[in-house]
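# Observations on the three-dimensional arrangement
The lines below spell out each chain.
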Amino acid sequence: MELIDGNQIAATLIAELKAEVATLSGRGPCLALVRVGDDPASVSYVKKKEKTAAEIGVTSRIILPPVTISQTELFKLIDDLNADATVDGILVQSPLPKHIDEVAVFRRVAPEKDVDGFNTLNLGKIAQEDDSGFVACTPAGIVELLARSGTDLKGKHVVVLGRSLIVGKPVALLALQKRAGANATVTICHSATANLPAITRQADVLIAAIGRAEFVTADMVKPGAVVIDVGINRVPDATKKTGYRLTGDVNFATVSPLCSKITPVPGGVGPMTVAMLMKNTVKAHRHRVA
Ligand code: NDP
C-alpha cells in the first residue's frame, strides 16, 4: 500500500507557484477572503489560506463582516470586490449563516474572479471541457493528487460517493472528461443509492465525499483499489487537547491494507484544496494582466 502524501504534493505545487509569482513584474496577485461571522472551522480555514498566500507572494485582503450581515449587504460587498481592479480572486468562505442563500452568493462572484469555482459559468465549463474557467479547489486537488501520484484514470471505474456541487459532481465530471489522465467510467452514489457496497466494490478508484466518519469499511472496497478520502469529520476524543480528532469518510485502519494507494486524513486532500485555490488565484491574475 502506498500513502498518497497530500502535504508533500501540495508543498511541491506551492513551490512551483512561488517560483511563478517571483517572475511577475508589476502588481502581484491579490485574493479577497470574505469570512462571515466566527465559525471556528472557517476561522482556521481562512487563516490557513492567508498563510499559504503569503508564502507564495499572493496578497490577501481579509474581509470579516458580522454574522448579522444581510444578503443585500453581502451582495454589495461582493459587487465592490468584483469592480475592484486590484483584486484578482474572491473567495466567500462557506458555510454562510442560514439567512443567506449560499448558492446566490456563489453566483454573485464575477466568473473571472471566482477562484473557488462555484459560479454557474465555471461549473458549466467543466461539463463543456473548457479550460478557460476555474475548477472548484477540492475536485481540482483530487485530480492533481491522482495525476502526481501516477494514477491514470483511463478505462478505470471511478466510483464517487457523494453528489455535492462542491465535491461529488465536479470531480465526477472531471474524471469523465475525454482527455489524458481522465477518460474514466464514472458512477456517482448518494443517500438514495441501493446496494451501495456492491457498487463501491466495483471501484478501481473510490472517491469518498459524504461527511460520515469512517463510513467506508473494508467490505466495501475491492483489493488493489485507489482510495481518495475527502471527508473531514470531527470525532469526540478525550485523549486530545481539543477534545476531538479529525477523521475521514474511510475507516483507514481496515481499508488501507487492501488498497494500492490511499490518502490519509489529515494530510491528503485537505492541503491540496488550499494549494489549488492559490493556483486558481495566480491563473486569475494572469488572465487579468494579460
Ligand atoms: P455534502 O453534505 O454537501 O454532501 C454529502 C453527499 O454525501 C450528499 O450527496 C449525500 O447524499 C451523500 N451521502 C450522505 N450520507 C450518505 C450515505 N449514508 N450513503 C450514501 N451517500 C450519502 O458534503 P460535501 O460534499 O460538502 O463534503 C463531503 C465531505 O468532504 C465532508 O466531510 C466535508 O467536510 C469534506 N470536505 C473536505 C474538503 C477538503 O478540503 N478536504 C473540502 C470540502 C469538503 P444526498 O445528496 O442524497 O443527500
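Position numbers for residues count from 1 along each chain, tracking the sequence in the order it is written. Only residues with pLDDT of 70 or above have their local features reported here, since the model is predicted, and side-chain atom pairs are shown and tallied only from 80 upward, although totals for entire chains, interfaces and linings are computed over all residues. The side-chain values count all of the structure's non-hydrogen atoms but skip hydrogen atoms and water molecules.

### Comments concerning the site of the ligand
- We call a residue near a molecule or strand whenever a single non-hydrogen atom of that residue lies within 4 Å of it. Close contacts around the ligand come from 19 residues, with R163, S164, S191, I232 and T273 the closest.
- One of the side-chain nitrogen or oxygen atoms of R212 is found 3.4 Å away from a nitrogen atom of the ligand.
- Considering the ligand on its own, with 930 Å² of exposed area, one finds that the protein chains cover 71% of that surface.
- Per the convention used, a helix needs a DSSP run of H or I reaching at least four residues, while a strand needs a run of E reaching at least two, with both numbered from the N terminus. When residues in the shell around the ligand are grouped by element, the largest group, three residues, is from helix 10 (residues 269-289).
- Along the lines of polarity and charge, the residues of the shell around the ligand split into seven nonpolar, 10 polar and two charged. The definition of a polar contact used here is a pair of N or O atoms within 3.5 Å, where within protein one atom must be able to donate a hydrogen and the other to accept one, and adjacent residues in sequence count solely through side-chain atom pairs. Computed by Shrake-Rupley with a 1.4 Å probe, the accessible areas treat only the displayed protein chains as cover when residues are assessed. Gly counts as polar in this scheme, as do all residues outside two lists: the nonpolar Ala, Val, Leu, Ile, Met, Phe, Trp, Tyr, Cys and Pro, and the charged Asp, Glu, Lys and Arg.

### Observations concerning a nonpolar patch on the surface
- Together, M1, L3 and F252 give the surface a local cluster of nonpolar side chains, amounting to about 290 Å² of exposed area.
- With respect to the helices, strands and loops of the structure, M1 is situated in the segment before strand 1 (2-3).
- Here the term buried applies to any residue with accessible area under 20% of the maximum for its type, exposed to any over 50%, and partly exposed to those in between, with areas from a 1.4 Å probe on protein chains only. Take M1: its relative accessible area is 55%, and that puts it in the exposed class. Patches here: salt-bridge-free residues with over 30% relative accessible area, like charges joined within 9 Å, nonpolar side chains (Val, Leu, Ile, Met, Phe, Trp, Tyr) joined within 5 Å. Here a salt bridge means any side-chain nitrogen of Lys or Arg lying within 4 Å of a carboxyl oxygen belonging to Asp or Glu.

### A few points about the nonpolar core
- Put simply, buried Ala, Val, Leu, Ile, Met, Phe, Trp, Tyr and Cys residues joined by side-chain atoms within 4.5 Å make one nonpolar core. Core analysis: the biggest nonpolar cluster contains 44 residues, and I142, V158, I207, I228, V230 and M278 have the highest contact counts within it.
- The greatest single-element share of this core, amounting to nine residues, is contributed by helix 10.
- By size, the runner-up hydrophobic cluster in this structure holds 19 residues, among which are V36, L74, F75 and V105.

### What about unusual backbone geometry?
- In the segment running from S94 into P95, the intervening peptide bond is cis, with an omega of 5°.
- Mapped onto the fold, P95 is located in the loop between strand 4 (89-92) and helix 4 (102-108).
- The amide bond that connects V265 to the next residue, P266, takes the cis arrangement and shows omega of -5°.
- Here P266 is to be found in the loop between strand 11 (261-262) and helix 10.
- One non-glycine residue, N195, adopts positive backbone phi at about 55°.
- In this fold, N195 is placed in the loop between strand 6 (185-189) and helix 8 (196-200).
- Within the chain, E214 stands out as a residue other than glycine whose phi angle is a positive 55°.

### Some remarks on the sheet that holds strand 7 (residues 205-208)
- In short, DSSP must find at least two bridges between two strands for them to pair. Strand order in the open sheet formed by six strands is 1-11-8-7-5-6, and the pairing between neighbours is parallel. Every other strand in the sheet has two partners, leaving strand 1 and strand 6 as the edge strands with one partner each.
- Sheet analysis places strand 5 (residues 157-161) next to strand 6, joined by five bridges and oriented parallel. Note on strand 6: the bridge partner recorded for V159 is T187.

### Digging into the sheet that holds strand 3 (residues 59-63)
- If you trace the three strands from one edge of the open sheet to the other, you get 3-2-4, paired in parallel fashion. The sheet is open, and its two edges are formed by strand 3 and strand 4, each paired on a single side. Neighbouring strand axes in the sheet, compared pairwise and without regard to direction, differ in orientation by 20° on average.
- Both strand 2 (residues 30-34) and strand 3 contribute to a ladder of five bridges, which runs parallel. Pairing of L33 across the sheet is with I62, part of strand 3. To obtain each axis, a line is fitted to C-alpha atoms, and for helices this fit is confined to the stretch in contact; angles are then taken between N-to-C directions over 0 to 180 degrees.

### Some details on the pairing of strand 8 (residues 226-229)
- Along strand 8, one buried face is formed by V226 and I228 and the opposite face, lined by V227 and D229, is buried too.
- For strand 7 and strand 8, the ladder comprises four bridges, and the chain directions are parallel. Bridge pairing in strand 8 places V205 opposite V226.
- Taken together, the two bridges between strand 8 and strand 11 define a ladder with parallel strand orientation. Its bridge partner lying in strand 11, V227 is registered against I262.

### Description of helix 7 (residues 168-176)
- Considered for burial, the residues of helix 7 that qualify are G168, P170, V171, A172, L174 and A175.
- Where helix 7 is buried, its residues touch helix 5 (120-127), helix 6 (137-148), strand 5, strand 6 and strand 7. Contacts: residue pairs with any heavy atoms within 4.5 Å of one another.

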